[in-house]
Amino acid sequence: MDLLDLADFNLVARHGGFGRAARASGRPKATLSRRVTELEASLGVRLIERGARLLKLTEEGRALYERTSVLLTEIDQTAGDIASGNDRPRGRLRISAPLLFSQMAMGKLAAGFALAYPEVRLEVTTEDRPVDMVEEGYDLAIRVNPDPDETLVGRIVLYDRLLVVAHPALPVPEQGRPAPAIVREAGARERTWAVKTEQGPASISVDPVLRLSSLYMVRDAARLGVGAARLPVSLVARDLEAGKLLSWGELDGPEIAVWVLYPSRRLLSPRVSAFLAYLKQAFPKGTPDELAALMAAD
């Protein structure tokens, strides 16, 4: 497939006809028609239905245009930036982020980045599922403790820890007696939580009395004294300071690591590099307190 043929096809598709594309670009109409015909021949499919006065993309033509128009625009933009010595961040930046992190931080992060880089068109999609960054067109993906992936590189943005917390009026149960618990995992059947306390390791027996799908919901229920809950430090830091919740200990297990992932570390675009630097500025030490402070900031 010839890149020039593809560029001319995109030109015709964007302007809705050979004549309009020729007038807009100053290129001969016959040349554009020939290039599109050559592209169709190389792909073995018809891309454009040619009527007497109406041009219509076929299903294959529409799919090709949707998948390649942004790429060709970025190539033109990059070439222009290089030629003019301009490497300022600009263009579309697509990010996939998990639900909880989006609720806690992405609104403020996205707004601050948009104000700092007005020529970048930032798009944030909230989803907890694994995404194919290349196939789905994402520049960055933010994930919590992601599985190893040889096709991606990345860096840790911040760390967090899980605490077992409860309303001050809810007593820590005696050894062997279960405490009412609020859990997020719908299928969880565990009956004990291993924690680290100032006195040493301990095991808390639990009886799940409430199952909720959001950690924000779990926190709100814990505030009202329904039961104990396992929650990130960043989400409950202000409640602990205000005495609305008390810590029963830190959950015994690995730290929570929030990663930012991208397909390659080579030739990062200015907008991707700018967002990575912005995250580093927002979380210079990568601690839960920094995330809690961002959440509390007006």
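Residues numbered from 1 in each chain as written. Predicted model: local features only at pLDDT ≥ 70, side-chain atom pairs only at ≥ 80, totals over all residues. Heavy atoms only, no water.

A. Representation of unusual backbone geometry in the model. The phi angle at Asn145 is positive, at roughly 45°, despite the residue not being glycine. You can call Asn145 partly exposed: its relative accessible area is 39%. (Buried < 20%, exposed > 50% of the residue type's maximum accessible area, 1.4 Å probe, protein only.)

B. A look at the nonpolar core. In terms of nonpolar packing, the biggest core is built from 43 residues, with Phe101, Leu109, Leu140, Ile142, Leu231, Phe275 and Phe283 touching the most fellow members. Per-element tally for this core: the top contributor is helix α5 (residues 99-116), with seven residues. Dropping the residues within four chain positions of it, Phe283 is found in contact with Phe101, Leu109, Val157, Leu158, Glu290, Leu291 and Leu294. Counting 18 residues, the second largest nonpolar core, distinct from the first, contains Leu6, Ala21, Val36 and Leu57. (Core = buried A, V, L, I, M, F, W, Y, C linked by side-chain atoms within 4.5 Å. Helix = DSSP H or I, 4+ residues; strand = E, 2+ residues; numbered from the N terminus. Contact = heavy atoms within 4.5 Å.)

C. Structural view of the packing of α5 against helix α10 (residues 288-296). Taken N-terminus to C-terminus, the directions of α5 and α10 make an angle of 65°; their axes are 9 Å apart at the nearest point. Taken together, the axis directions place α5 and α10 in an arrangement best described as roughly perpendicular. Our pair here, α5 against α10, has a crossing hand that is left-handed. Within the contact between the two elements, α5 uses Phe101, Met104, Ala105, Lys108 and Leu109 and α10 uses Leu291, Leu294, Met295 and Ala296. Of the residues in the contact of α5 with α10, the class split is eight nonpolar, no polar and one charged. (Axes fitted to C-alpha atoms, helices over the stretch in contact; angles between N-to-C directions. Parallel < 35°, antiparallel > 145°, perpendicular 65-115°, else oblique. Left-handed = near helix turned anticlockwise from the far one by under 90°. Nonpolar A, V, L, I, M, F, W, Y, C, P; charged D, E, K, R; others polar.)

D. Geometry of the environment of Val120. By the element assignment, Val120 lies in strand β4 (residues 120-126). A residue is classified by how much of its surface remains accessible, and Val120, at 5% relative accessible area, is buried. If we skip the residues at most four places from it in the chain, Val120 touches Pro89, Arg90, Gly91, Leu93, Phe113 and Arg271.

E. Fine view of the pattern of salt bridges. Inspection of the entire model under this criterion finds 15 salt bridges. The partner of Glu123 in a salt bridge is Arg94, with the nearest N and O atoms 3.4 Å apart. Of the two residues, Glu123 sits in strand β4 while Arg94 sits in strand β3 (residues 91-97), which places them 29 residues apart along the sequence. A relative accessible area of 33% places Glu123 in the partly exposed class. Assessed through its relative accessible area of 16%, Arg94 is described here as buried. With its nearest N and O atoms 3.0 Å apart, the salt bridge here joins Asp239 to Arg223. With Asp239 in helix α8 (residues 233-242) and Arg223 in helix α7 (residues 215-223), this residue pair connects regions lying 16 residues apart in the sequence. Judged by relative accessible area, Asp239 falls into the buried class, the value being 4%. Of the residues examined, Arg223 reaches a relative accessible area of 29% and is grouped as partly exposed. (Salt bridge = Lys/Arg side-chain N within 4 Å of Asp/Glu carboxyl O.)

F. Up close: the packing of aromatic side chains. Inspection of the entire model under this criterion finds three aromatic pairs. Seen in terms of ring centroids, Phe113 and Tyr117 are 4.8 Å apart; in terms of plane orientation they differ by 40°. Their pairing is tilted. For Tyr117, a relative accessible area of 26% corresponds to the partly exposed category. Summarising the aromatic geometry, the rings of Phe113 and Tyr278 are spaced 5.7 Å apart at their centres and angled 75° between planes, so their arrangement reads as edge-to-face. Residue Phe113 is found in helix α5, and its partner Tyr278 is found in helix α9 (residues 270-282); the two are separated by 165 residues along the sequence. (Phe/Tyr/Trp six-rings, centres within 6.5 Å; stacked < 30°, edge-to-face > 60°.)

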